[in-house]
Amino acid sequence: MKYGRYSIFLIAVAAFCAAVFILIYGEAKKQTIDDLNNRQFAHARQAVKGIQDHFRHMTDTLRILSLQDHIINLDKDGKKMMSDVLRIHSPEIKSVTRMNDRGWIVHAEPYNKQLIGQGISGQEHIREVMKTHALVISDVFRAVQGYRSVAVHMPVFRNGVFDGTIAFLISFDVLAKKYLEDIR
C-alpha cells in the first residue's frame, strides 16, 4: 500500500512537472516566434527605407541629367555622360536610354544599334510618361534582354516643351539581393 501512495505521488509530481514544462516551452516558443517576427519587420522597414532612398538617388541623378544641354541635344558629350553613368552604377543599372517625344529610342547605353529607332510607346509606363510628362517608375517587368527590371523615366524638356525622357533600366534582381536578402 505504501508503494501505491508513493507511485501516485510520483505520477502526480511527474504530471505536474510535465505540465509546467509544456507551459514554459509554449511561452518560450511564442516569445521566440514574436522576436523573430519583430526582427523580420525591422528588416522589412530597413529594406523599404533603403529602396526609397535608392530610388530617390536614382531619380535625382536622372533629374540632373535631364537638365543637361548635352542630354537634351543628345550630342557626343551627352552620350558620354550616359555611358559614364552606366559604368559608375553597373551592374545595378543595366541600361541608360534617351527616348524622344514620340516614344522611340534615340540612344541607349550600352550601345545597341538594333534598339535605335525602336518604338516603345506600347509599354504602359511609356504611355503614362508621354501623357503626364512627369517622372514614372514602372512595375517590375521582364526586359527584352531577359532579366527582371524596373524602368525609371524622367521627362526631358527642350525650351519648356516635352522632348522625351532619359531613363534607367534597373535590375530588379540586384535590388532584391541588396535590400531584401535578410528578409527570407
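Check the entry above for the structure.
Residues numbered from 1 in each chain as written. Predicted model: local features only at pLDDT ≥ 70, side-chain atom pairs only at ≥ 80, totals over all residues. Heavy atoms only, no water.

**Description of the pattern of salt bridges**
Two side chains of opposite charge can pair, provided their charged atoms sit close to one another. Rules: Each salt bridge in this description consists of a side-chain nitrogen of Lys or Arg and a carboxyl oxygen of Asp or Glu lying within 4 Å of one another. By the criteria applied, helices consist of DSSP H or I runs no shorter than four residues and strands consist of E runs no shorter than two, each listed in order from the N terminus. For every residue, the accessible area (1.4 Å probe, protein chains only) is compared with the maximum for its type, and the residue is labelled buried under 20%, exposed over 50%, or partly exposed between those bounds.
All chains considered together, the criterion is met by eight salt bridges. Between lysine 49 and aspartate 53 there is a salt bridge, with the nearest N and O atoms lying 3.1 Å from each other. A residue pair is termed a helical-turn pair when its members lie 3 or 4 positions apart in one helix, as lysine 49 and aspartate 53 do in helix H1 (residues 2-66) at four residues. The class of lysine 49 is partly exposed, set by a relative accessible area of 49%. By relative accessible area, aspartate 53 is classed as partly exposed at 32%.

**Brief notes about the layout of surface pockets**
Let me state the cut-off plainly: Points on a 1 Å grid, built from protein atoms alone, make a cavity when a 1.4 Å probe fits but cannot get out and make a pocket when they are open with protein on both sides within 12 Å along at least 5 of 7 lines; residues with an atom within 4 Å of a point are the lining residues. Grid points are joined across faces, edges and corners, and a volume is the space filled by probe spheres set on the points.
One number sums up the size of the largest pocket: a volume of about 340 Å³. Every residue lining the largest pocket is counted, 20 residues in all, and those nearest its centre are Thr97, Ile105, Ile120, Gln123 and Leu169. When residues of the lining of the largest pocket are traced back to their parent elements, those giving at least two are strand E1 (93-99), strand E2 (105-109), strand E4 (141-142), strand E5 (148-158) and strand E6 (161-171). The dominant element in the lining of the largest pocket, judged by the number of residues it contributes, is E6, at three residues.

**Considering the nonpolar core**
The following threshold applies: To form a nonpolar core, buried Ala, Val, Leu, Ile, Met, Phe, Trp, Tyr and Cys residues must be joined to one another through side-chain atoms within 4.5 Å. Only heavy atoms enter the contact rule, under which two residues are in contact if any of them lie within 4.5 Å.
Judged by nonpolar contacts, the single largest core of 22 residues is most densely connected at Ile93, Val96, Ile166, Phe168 and Ile170. Looking at this core, the elements that each hand over two or more residues are H1, helix H2 (69-72), helix H3 (76-89), E1, E5, E6 and helix H5 (172-180). If you tally residues by element for this core, the top one is H1, at five residues. Residues within four places of valine 96 in sequence aside, it is in contact with Met82, Val85, Leu86, His107, Ala108, Glu109, Ile166, Ala167 and Phe168. Judged by nonpolar contacts, the second largest core, of eight residues, contains Ile105, Ala108, Val129 and Val136.

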